[in-house]
Amino acid sequence: MTAVSSPPLLPEAYARWQERLAQSFFAGRGHQPVVLFVDRDELQRLSDPGEDGARSLAAAVRDIVDVARGAGMFGRAQRLESLWRQGTRDMPPPTLPILALSVLAASEMRTDSSARRNAYYKRLVGILVPDSEDEAGEIRLLMALRNGGAFLAVVEMWEQLDRWLVEKDGAFGISTIRAGVANESRIGYPLSQTLVRRSDRAALTRFFSTARLKSAGVPSADSLLRMLRRWVTHRGHGLTDRFIESLHDDGVLPILGPLLHDLATAWDGKIITAEGLRRLDLRLALDLDDACGWWVISAVRDLPGDLLKGVSDGHPFEARITTDVHSTMYRTEGMPPVHASTLAAGLAARGERCVAEFQPAKVLVLASNADAGGWMSIDSVQPFEEHVFVAATDAARAVSQALRSAADPGWRPLDPAFTAKLLGSGFSIFDRVVFSDQERLDSALAAMPGALASGLRRGAAVRPRLIGGLPIDRRIAPNIYLAGGEPDLVLPVTDETRYVEVSLDGMASRLRASLFPIPLCRFQGGMESGEHTVNADEETLTFVVERGSIDDRAPENVASIGWVEGVLQENATDAVAICGAMISDAEIDRPELARRGSALTVLISAAGRMTKVSDPPPPTLPGLTFAFFELPSSTAVWLAQKRTAGWTVTKLRSAEPAFRGLTDADRALWEELYVGVQNPSPLWRLYGRAWERCRAR
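Because the structure is predicted, anything quoted here is derived from the model rather than measured.

As for unusual backbone geometry
Trans is the prevailing form of peptide bonds, just as negative phi is the prevailing case for residues other than glycine.
Phase 1 of the analysis: If you check the backbone angles, Ala291 has positive phi at about 55° while not being a glycine.
Phase 2 of the analysis: You can call Ala291 buried: its relative accessible area is 16%.
Phase 3 of the analysis: Residues other than glycine seldom take positive phi values, yet Arg432 does so here, at roughly 60°.
Phase 4 of the analysis: As for its position among the elements, Arg432 is in strand β14 (residues 427-433).

So, in structure tokens, the structure goes:
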């Protein structure tokens with residue numbers, strides 16, 4: 001770690017702030033971009049207990065800066081910097097407190113009654129002399145800074161700091177002070193340091209990972225900005241509102257783009273939180289047949305594992321998480337048992353690279369999850385799907401009332417003795433909970449206390465949705481499509497025929513809701529590049545059309561994977577062997593995939609006949625594992641697989657049922673599927689009715 005210290009000849013308070021800023025922003029920052037961002041919170045973090053950071057810094061600066069000298073107010077600071085230049089220059093220039101104060105003023109530029117967003121100098125005066133009652137003196141100071149050329153000395157200090165960082169060849173960090181910024185605006189330098197806060201830098205690491213910067217390289221600054229603007233619209237990004245505003249401020253983009261590019265270039269490949277740790281969701285899993293509960297953690301691509309430590313029910317524990325290539329969940333060893341106390345108070349397990357957290361709630365909603373191996377807590381209720389509710393005792397009555405008014409018949413509270421055995425005292429469990437009427441569900445939620453209803457948020461399973469199309473840049477945002485490959489619109493289907501008012505970019509049409517998607521690419525006869533909006537069933541869906549990828553890097557592994565002597569290998573050089581070439585005179589059906597490792601895999605035809613399928617041997621490509629296999633070509637309508645958590649069915653194509661010629665084995669499997677599968681698809685319900693008629697014959 002490179003040490004820094006204050007130069008001599010500085011007043012005590014000024015020297016103290018010089019030391020604080022040098023240690024915070026330049027010590028141990030070798031070859032990392034240096035952003036000298038400070039606001040009142042950051043200054044308070046650097047201050048001693050009981051010290052007002054902003055006032056303390058301003059008082060220290062006034063020990064060097066004579067605000068009564070007009071254009072020459074920074075003369076003493078310039079002389080100190082001149083003496084520093086004559087020395088070894090093994091520490092930062094002695095102007096850091098002044099530069100920090102200039103950044104503090106830029107960080108507080110906003111629209112309010114005291115100063116317009118662009119009234120930087122008025123803000124700087126208010127910070128430099130916060131307790132002044134000399135209005136005339138404040139006006140003279142404002143004129144000296146804004147019109148008298150005094151601030152040019154601060155501009156030169158920024159440029160000197162930039163030269164020093166370059167001179168030290170990254171030993172104290174990489175400069176983000178852009179030459180030429182001050183040509184357009186004198187305040188360009190301090191403004192550039194306010195664009196990315198500490199929390200923004202942490203949040204950006206998730207974007208950098210999504211954009212595959214480590215494996216695919218860093219695109220241009222313009223491409224990064226376009227990708228980031230799309231990325232922030234479709235996820236909990238964690239970026240500050242100020243940063244999001246900057247993404248759409250044409251006056252700031254020339255500064256933000258190069259700064260973002262610097263951060264991307266220097267990124268070390270790690271995703272962090274504001275405290276430097278990757279956050280993971282710790283979720284409750286239950287098996288109601290074996291009366292057991294456990295904790296599961298959804299896996300993330302960039303974290304192969306970690307050793308987590310925490311305290312559960314007053315006892316410390318250590319748990320190791322590792323990636324399971326056949327599951328979306330981490331493999332966990334050493335997690336504590338599920339206790340009523342952890343459900344009520346929450347649970348956190350912290351490692352070197354991540355922290356897994358379970359947030360307590362009065363009501364937990366669980367849905368069947370094959371990878372979890374049972375019922376897993378989720379964030380919302382999905383209409384037409386079966387759920388299990390876990391409610392604290394003081395919330396159980398309200399939940400029971402909501403189920404009576406909104407849930408389908410058949411739900412039940414489990415025996416209190418069973419619940420106590422599973423979770424301990426203080427909770428009730430309701431299972432077989434299904435909501436088929438979303439209006440009744442919404443009404444029931446609206447009537448519940450807010451603290452309980454937040455755990456019963458309705459999901460979007462039966463809302464209009466976009467499917468298909470030719471998506472591009474999926475890592476950046478899931479709703480970007482190639483022009484000509486716009487998505488299709490699926491409208492919810494009910495037992496009765498209904499028509500829906502659908503508008504696309506303001507053009508309205510009345511369409512019939514059916515099992516078949518509506519191709520939006522034919523709706524307007526071609527779409528322009530940019531964002532488009534679909535309104536249907538009081539829902540608004542947006543998607544983006546682009547003429548090509550907004551990522552200007554070459555795709556990974558292009559022209560590098562191919563068949564060599566019958567084996568799929570990397571670094572193929574024969575043009576004929578390369579995969580992905582355009583071919584003609586061939587009709588190839590879309591491949592359908594099934595998960596490996598199922599206890600039973602069958603294909604179901606429209607006639608109701610079952611064809612068992614065995615897992616083929618996995619490919620032997622070195623270094624790769626395959627969780628799925630390609631199904632043989634057939635006219636099957638459904639793929640059914642039996643796994644640990646029960647049966648799952650996947651629709652392969654649309655065809656009405658016409659049962660005939662069922663064998664005894666077919667009938668036995670249909671009886672098992674009819675009882676064990678809860679699928680919201682209207683087509684599956686048609687097959688269920690067809691089996692009922694067939695069974696009654």
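And the narrative resumes.
Section: the side chain of Ser503
Phase 1 of the analysis: Looking at the secondary structure, you find Ser503 in strand β18 (residues 499-504).
Phase 2 of the analysis: Looking at Ser503, the relative accessible area reads 15%, which means it is buried.
Phase 3 of the analysis: The contacts of Ser503, once residues within four sequence positions are left out, are Ala508, Thr533, Val534 and Asn535.

Brief notes about the sheet that holds strand β16 (residues 480-482)
Phase 1 of the analysis: Read across the sheet, 5 strands follow the order β16-β22-β21-β18-β19 without closing on themselves; strand pairing throughout is mixed. A strand with exactly one partner marks an edge of an open sheet, and here the two such strands are β16 and β19 (507-512). Going across the sheet, the axis of each strand differs from the next one's by a mean of 30°, ignoring polarity.
Phase 2 of the analysis: Of the strand pairs in this sheet, β16 and strand β22 (residues 539-546) are connected by 3 bridges, and their pairing is parallel. Bridge pairing links Leu482 to Glu546 in β22.

So, helix α6 (residues 120-128)
Phase 1 of the analysis: Counting buried residues along α6, 7 of its 9 residues qualify, which places the element largely inside the surrounding structure.
Phase 2 of the analysis: Within α6, the full set of buried residues consists of Tyr120, Tyr121, Arg123, Leu124, Val125, Ile127 and Leu128.
Phase 3 of the analysis: On its buried face, α6 sits against α2 (40-46), α3 (53-62), α5 (96-107), α7 (135-146) and α10 (188-192).

Comments concerning the packing of aromatic side chains
Phase 1 of the analysis: What the rule picks out here adds up to 18 aromatic pairs.
Phase 2 of the analysis: A ring pair is formed by Phe26 and Trp164, whose centres lie 6.1 Å apart and whose planes are at 75°; its orientation type is edge-to-face. In this pair, Phe26 sits in the loop between α1 (12-25) and β1 (33-34) while Trp164 sits in helix α8 (residues 152-167), placing the two residues 138 residues apart along the sequence. There is no split in this pair, since Phe26 and Trp164 are both buried.
Phase 3 of the analysis: Ring geometry for Phe207 against Trp231: centres 5.5 Å apart, planes inclined by 55°, an arrangement best described as tilted. Pair noted here: Phe207 is in helix α11 (residues 198-210) and Trp231 is in helix α13 (residues 221-231), with a separation of 24 residues, a long-range link.

With respect to a positive patch on the surface
Phase 1 of the analysis: On the surface, Arg667, Arg689, Arg693 and Arg697 cluster together into a positively charged patch.
Phase 2 of the analysis: Along the polypeptide, Arg693 turns up in helix α22 (residues 682-696).

Quick look at empty space enclosed by the protein
Phase 1 of the analysis: What the rule picks out here adds up to 2 cavities of 30 Å³ or more.
Phase 2 of the analysis: In this structure, the largest cavity occupies an estimated 60 Å³ of space.
Phase 3 of the analysis: Lining the largest cavity we find Val61, Phe74, Ile98, Leu101, Ser102, Leu124, Leu128, Leu145, Phe151 and Val154.
Phase 4 of the analysis: Where the lining of the largest cavity is concerned, the elements lending two or more residues are α5 and α6.
Phase 5 of the analysis: For the lining of the largest cavity, the element with the highest residue contribution is α5, accounting for 3 residues.

Description of the nonpolar core
Phase 1 of the analysis: Membership of the largest hydrophobic core comes to 97 residues, with the highest contact counts inside it found for Phe74, Ile98, Leu145 and Leu228.
Phase 2 of the analysis: If you tally residues by element for this core, the top one is α5, at 9 residues.
Phase 3 of the analysis: What Phe74 contacts, discounting residues up to four positions off in sequence, is Val65, Ile98, Leu145, Ala150, Ala153, Val154 and Met157.
Phase 4 of the analysis: Of all hydrophobic cores here, the second largest spans 33 residues; its members include Leu286, Leu303, Val338 and Phe427.

Notes on the packing of α5 against α6
Phase 1 of the analysis: Look at α5 against α6: their axes get within 9 Å of each other, and the N-to-C directions meet at 120°. Looking at the two axes, α5 sits oblique to α6. In this structure, α5 crosses over α6, and the sense of that crossing is right-handed. Between α5 and α6, the residues in contact are Leu101, Ser102, Leu104, Ala105 and Ala106 and Tyr120, Arg123, Leu124, Ile127 and Leu128, respectively.
Phase 2 of the analysis: Of the residues belonging to the contact of α5 with α6, the class tally is 8 nonpolar, 1 polar and 1 charged.

Calculation criteria
- Positions within a chain are numbered from 1, following the residues in the order the chain's sequence is written.
- For a predicted model such as this one, the threshold for reporting local features is a pLDDT of at least 70, and the threshold for listing and counting side-chain atom pairs is 80 or more; totals across whole chains, interfaces and linings nevertheless cover every residue.
- Where side-chain values are given, they derive from all heavy atoms of the structure, hydrogens and water being excluded.
- Each residue is assigned to one of three classes by its accessible area relative to the maximum for its type, calculated with a 1.4 Å probe on protein chains only: buried under 20%, partly exposed between the two thresholds, exposed over 50%.
- By definition, any uninterrupted DSSP run of H or I lasting at least four residues is a helix, any uninterrupted run of E lasting at least two residues is a strand, and each is numbered from the N terminus.
- Any two residues whose heavy atoms approach within 4.5 Å are treated as being in contact.
- Two strands pair under a simple rule: DSSP has to find at least two bridges between them.
- To define axes, lines are fitted to C-alpha atoms, for helices over the stretch in contact only, and angles between the resulting N-to-C directions are given on a 0 to 180 degree scale.
- A pair of Phe, Tyr and Trp rings is counted when the ring centres sit within 6.5 Å of each other, with Trp represented by its six-membered ring. The angle between the planes then sorts it: under 30 degrees is stacked, over 60 is edge-to-face, the rest tilted.
- A patch consists of residues whose relative accessible area exceeds 30% and which take part in no salt bridge; residues with like charges are grouped when within 9 Å of each other, and nonpolar side chains (Val, Leu, Ile, Met, Phe, Trp, Tyr) when within 5 Å.
- Surface accessibility follows the Shrake-Rupley procedure with a 1.4 Å probe radius. Residue values consider only the protein chains on display as shielding.
- Here, a salt bridge means any side-chain nitrogen of Lys or Arg that lies within 4 Å of a carboxyl oxygen of Asp or Glu.
- Positive: Lys, Arg. Negative: Asp, Glu. His and the chain ends are not part of the count.
- Working definition for charges: the position is that of NZ of Lys, CZ of Arg, CG of Asp or CD of Glu.
- Grid points spaced at 1 Å over the protein atoms alone were grouped into cavities, where a 1.4 Å probe fits but cannot get out, and pockets, open sets with protein on both sides within 12 Å along at least five of seven lines, with lining residues defined by an atom within 4 Å of a point.
- Grid points are joined across faces, edges and corners, and a volume is the space filled by probe spheres set on the points.
- Buried Ala, Val, Leu, Ile, Met, Phe, Trp, Tyr and Cys residues form a nonpolar core when they are joined through side-chain atoms within 4.5 Å.
- Angular relationships are summarised with four words: roughly parallel below 35 degrees, roughly antiparallel beyond 145, roughly perpendicular across 65 to 115, and oblique for the angles in between.
- Should the near helix be turned counterclockwise from the far one by less than a right angle, the crossing is left-handed, whereas a clockwise turn marks it as right-handed.
- Put simply, Ala, Val, Leu, Ile, Met, Phe, Trp, Tyr, Cys and Pro go in the nonpolar bin, Asp, Glu, Lys and Arg in the charged bin, and everything else, Gly too, in the polar bin.

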